Amino acid sequence: MENKTSPVIDKELVERVAVLARLKPDASEQQALIAELNQILGHFQQLEALDTSSVDPAYHPQQLENVLREDQIKPSFDRDDLVNLSAKHKDGCLMVPRTVE
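Residues numbered from 1 in each chain as written. Predicted model: local features only at pLDDT ≥ 70, side-chain atom pairs only at ≥ 80, totals over all residues. Heavy atoms only, no water.

Q: What's the story with the overall build of the chain in this structure? I'm lost.
A: For the chain, the helix and strand inventory stands at 3 helices and 2 strands. Secondary structure elements in the chain, listed N-terminal to C-terminal, are α-α-α-β-β. For the chain, the C-alpha radius of gyration of 31 Å lies well beyond 13 Å, the compact-globule estimate for 101 residues. Here the C-alpha coordinates of the chain stretch approximately 75 × 45 × 20 Å along the principal axes. The burial tally for the chain puts 7% of its 101 residues in the buried class. Within the structure as shown, the chain displays about 10500 Å² of accessible surface, and the carbon and sulfur contribution to it stands at 55%. Taken as two groups, the 11 positive and 18 negative side-chain charges of the chain have centres that lie 12 Å from each other. (Helix = DSSP H or I, 4+ residues; strand = E, 2+ residues; numbered from the N terminus. Rg over C-alpha atoms; globule rule 2.2 N^0.38 Å. Buried < 20%, exposed > 50% of the residue type's maximum accessible area, 1.4 Å probe, protein only. Areas by Shrake-Rupley, 256 points an atom, 1.4 Å probe, with all protein chains shown as cover. Lys, Arg positive; Asp, Glu negative; His and termini not counted. Charge placed at Lys NZ, Arg CZ, Asp CG, Glu CD.)

Encoded structure:
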């Protein structure tokens, strides 16, 4: 395993990223960001230290399998009954307000 030096979040880095993000954090916000981002990097270092050599890679978080059911022929609703439920209909078609002039 390589010996990697972990990046350290310091004031200069926070200021540079703030300029790129067009943010203007004040001094207390900068200190809070430095602490929080260093804590996040610490969590990644803990994850990096884990031995995952015997773990298969997870290419997808869920098992992919065919979940489709077989087609089944079933009786449908009667078209005339459904059309008759609408307020306006003519010749078996629904009448709706014009949407394009």
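Here the narrative resumes.
Q: Which parts of the structure should I look at to understand a nonpolar patch on the surface?
A: Nonpolar side chains collect at one region of the surface, where Leu33, Leu37, Ile40, Phe44, Leu47 and Leu50 lie side by side and expose about 560 Å² of accessible area between them. Note that Leu37 resides in helix 2 (residues 27-48). Looking at Leu37, the relative accessible area reads 35%, which means it is partly exposed. (Patch = residues over 30% accessible without salt bridge, like charges linked within 9 Å, V, L, I, M, F, W, Y side chains within 5 Å. Salt bridge = Lys/Arg side-chain N within 4 Å of Asp/Glu carboxyl O.)

Q: How do you make sense of the packing of helix 1 (residues 11-20) against helix 2 when you look at a structure like this?
A: Helix-helix packing is described using two parameters, namely the angle between the two axes and the distance between the axes. Running from amino to carboxyl end, helix 1 crosses helix 2 at an angle of 110°, the nearest separation of the two axes being 10 Å. For the element pair helix 1 / helix 2, the angle class is roughly perpendicular. Side by side, helix 1 and helix 2 meet where Lys11, Val14 and Glu15 of the first sit next to Gln30, Leu33 and Ile34 of the second. (Axes fitted to C-alpha atoms, helices over the stretch in contact; angles between N-to-C directions. Parallel < 35°, antiparallel > 145°, perpendicular 65-115°, else oblique. Contact = heavy atoms within 4.5 Å.)

Purely geometric numbers; function is a separate question.
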